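Each chain, written out:
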Amino acid sequence: MKGICSLVAALSLAVTEVSGHYIFQQLSIGSKKFAVYEHLRKNANYNSPVTSLSSNDLRCNVGGASGASTVTVDATAGDAFTFTSDVAVYHQGPISLYMSKAPGSVNDYDGSGEWFKFFDFGPTFSGGQASWPLRTTYTANIPKCIPNGEYLLRIQSLAIHNPGSTPQFYVSCAQVNITGGGSKTPSPTVKIPGAFKATDPGYTANIYNNFKSYTVPGPAVFSC
Ligand SMILES: *[C@@H]1O[C@H](CO)[C@@H](O)[C@H](O)[C@H]1NC(C)=O
Ligand SMILES: [Cu+2]
């Protein structure tokens, strides 16, 4: 009986993994929208999440360790940019933006260096209700003061819609070449994996039970 139940559970999970969810697959700089996966590393797991806190796939998703087939795009520090997903993000949880400077060419960079976070899209609380920024597009500005160079630009949707189950990370990385920047060293920085802990309040939060405040996981937000 147990065998049949777990087989059914495994099958339904497999179906959900392929057909459900969402994936960030397109980048815009300013009003210029580029082709799907032109400047984003193509992942190899459809639109499924990463769920291991210790996996290198947390950096740029499954299949995203190499940028060999990704074209790096020029951007000016301070530019607005947008990540677009295939379908609107529909799992409650925060969306965060990170960058990591490549030691050389970003095409060859696996994301094993230092990451800083520069934006969180968190919940807003009003009248005892939380509302999450669940959308198809997320727009922010590249920090004006960061050093010129080639970077991974990473978006992360942390799905905590299912309290008690393992949260899910939906991540994608773009490759950008920054000019017109400054000389500030972004801080604090973290390694990925390592930046997120099973004990983080924002990771274990129950969004359906007495949910009145929220701390987005990860390092403090860097701003110029
Ligand atoms: C990045 O921009 C600099 C300055 O314009 C340029 O010299 C360099 O070739 C660019 N690198 C890439 C990978 O586009
Ligand atoms: Cu899902």
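Per an unreviewed UniProt entry, the protein chain is named lytic cellulose monooxygenase (C4-dehydrogenating), and its organism is Cercophora newfieldiana. On record in UniProt, under Sequence similarities (unreviewed entry), the comment for the protein chain is "Belongs to the polysaccharide monooxygenase AA9 family." Recorded in UniProt under Cofactor (unreviewed entry), the annotation for the protein chain is "Cu(2+)".

> Just checking my understanding: could you explain the overall build of the protein chain for this structure?
Within the protein chain, the secondary structure is distributed over 3 helices and 11 strands. Taking 224 residues into account, the globule formula puts the C-alpha radius of gyration at 17 Å, and the protein chain, at 18 Å, falls close to it. Projected onto its principal axes, the C-alpha positions of the protein chain cover 60 × 40 × 30 Å. Within the protein chain, residue pairs in contact and separated by at least 24 positions form 78% of the contacts whose partners lie at least 6 positions apart. Total accessible area on the protein chain stands at roughly 10300 Å², and carbon and sulfur atoms take up 55% of it. One finds the centroid of the 15 positive side-chain charges in the protein chain at a distance of 6 Å from the centroid of its 12 negative side-chain charges.

> Can you help me understand the state of the cysteines in this one?
One way to say it: the disulfide is the covalent bond shared by the sulfur atoms of two cysteines. A complete count under the given rule lists 2 disulfides for this structure. In this model Cys60 forms its disulfide with Cys173; the gap between the sulfur atoms is 2.0 Å. Residues Cys60 and Cys173 are joined by a disulfide whose S-S torsion is about -85°; by sign, that bridge is left-handed. Of this pair, Cys60 sits in helix α2 (residues 57-60) while Cys173 sits in strand β11 (residues 168-179), and the two are 113 residues apart along the sequence. One exposure class covers both Cys60 and Cys173, and it is buried. Two residues share a disulfide in this structure: Cys145 and Cys224, whose sulfurs sit 2.0 Å from each other. Its S-S torsion of approximately -85° makes the covalent link between Cys145 and Cys224 left-handed. Taken together, the positions of Cys145 in the loop between β9 (137-141) and β10 (149-159) and Cys224 in the segment after α3 (201-204) put the pair 79 residues apart, joining distant regions of the chain. On the basis of relative accessible area, Cys145 is assigned to the buried category, the value being 12%.

> What's the story with the side chain of Arg41 in this structure? I'm lost.
Looking at the element boundaries, Arg41 is found in the loop between β2 (32-33) and α2. Salt bridges are absent for the buried Arg41, whose nearest opposite-charge side chain, Asp110, sits at 7.1 Å. Side-chain polar atoms of Arg41 contact the side chain of Gln175, separated by 2.8 Å. With residues up to four places along the chain from it excluded, the contact list for Arg41 reads Gly64, Ala65, Ser66, Gly67, Thr70, Val106, Asn107, Tyr109, Asp110, Leu152, Cys173 and Gln175.

> Quick question: what am I supposed to make of the nonpolar core here?
It is characteristic of soluble globular proteins that their nonpolar side chains tend to be buried jointly. In this structure, Leu27, Phe81, Phe83, Met99 and Leu153 are the most contacted members of the largest nonpolar core, which totals 34 residues. In contact with Phe81, other than residues within four places in its own chain, are Leu27, Ser28, Ile29, Gly30, Leu97, Phe118, Tyr138, Thr139, Ala140, Asn141, Ile142 and Leu153. Residues Cys173, Ala195, Tyr203 and Phe211 belong to the second largest nonpolar core, which totals 26 residues.

> It is not clear to me how the sheet that holds strand β6 (residues 116-121) should be interpreted in this structure. Could you clarify?
Whether parallel or antiparallel, the strands of a sheet pair through hydrogen bonds between backbone atoms. If you trace the 5 strands from one edge of the open sheet to the other, you get β3-β11-β10-β5-β6, paired in mixed fashion. At either end of the open sheet lies a strand with only one pairing partner, and these are β3 (73-76) and β6. Shown here is a sheet whose adjacent strand axes are inclined to one another by a mean of 35°, direction ignored.

> Would you mind showing me how to read the coordination of the copper ion (ligand 2) here?
Tetrahedral metal sites with four donors have an ideal angle of 109.5 degrees; octahedral sites with six donors have ideal angles of 90 or 180 degrees. Donor atoms from the polypeptide that coordinate the copper ion (ligand 2) comprise His21 (ND1), His91 (NE2) and Tyr170 (OH), at 1.8 to 2.8 Å from the metal. Written as a sequence motif, the donor residues of the copper ion (ligand 2) are H-x69-H-x78-Y. Residue His21 is found in the loop between α1 (2-19) and β1 (24-29), and its partner His91 is found in the loop between β4 (80-85) and β5 (95-101); the two are separated by 70 residues along the sequence. Judged by relative accessible area, which is 8%, His21 ranks as buried. Residue classification places His91 among the buried residues on the basis of a relative accessible area of 9%.

Cut-off values and rules
- Along each chain, residues carry numbers from 1 onward, in the same order as the chain's sequence is written.
- Written order decides the labels, with chains lettered from A and ligands numbered from 1.
- Totals for whole chains, interfaces and linings use all residues, but because this is a predicted model, local features are given only for residues with pLDDT of at least 70 and pairs of side-chain atoms are given and counted only at 80 or more.
- As a rule here, side-chain values come from all non-hydrogen atoms in the structure, and water together with hydrogens is ignored.
- UniProt positions are given in the numbering used here, feature names are shortened, and annotations may be inferred rather than shown by experiment.
- Numbering of helices and strands runs from the N terminus, with a helix taken as a DSSP run of H or I at least four residues long and a strand as a DSSP run of E at least two residues long.
- The globule rule is 2.2 Å times the number of residues to the power 0.38, and the radius of gyration it is compared with is taken over C-alpha atoms.
- Whether two residues are in contact is decided by their heavy atoms, any of which lying within 4.5 Å being enough.
- Note on areas: these come from Shrake-Rupley sampling with a 1.4 Å probe, and a residue is covered only by the protein chains present in the view.
- The sign given to each residue is positive for Lys and Arg and negative for Asp and Glu; His and the chain ends receive no count.
- Just so you know, the charge point we use is NZ for Lys, CZ for Arg, CG for Asp and CD for Glu.
- Criterion for a disulfide: a pair of cysteine sulfur atoms at a distance within 2.5 Å.
- When accessible area is computed with a 1.4 Å probe and restricted to protein chains, residues below 20% of their type maximum are described as buried, those above 50% as exposed, and intermediate ones as partly exposed.
- For this document, the term salt bridge refers to a Lys or Arg side-chain nitrogen within 4 Å of an Asp or Glu carboxyl oxygen.
- N or O atoms closer than or at 3.5 Å make up a polar contact, with two conditions inside protein: a donor-capable atom paired with an acceptor-capable one, and, for residues adjacent in sequence, both atoms drawn from side chains.
- We define a nonpolar core as any set of buried Ala, Val, Leu, Ile, Met, Phe, Trp, Tyr and Cys residues linked to one another through side-chain atoms lying within 4.5 Å.
- DSSP-based pairing: two strands are paired if at least 2 bridges between them are found.
- Here an angle of 0 to 180 degrees is reported between the N-to-C directions of two axes, which are lines fitted to C-alpha atoms, with helices fitted over the stretch in contact.
- Only nitrogen, oxygen and sulfur atoms qualify as donors, provided they sit within 2.8 Å of the metal or within 3.2 Å for Na, K and Ca; with water excluded from the atoms, sites may seem incomplete.

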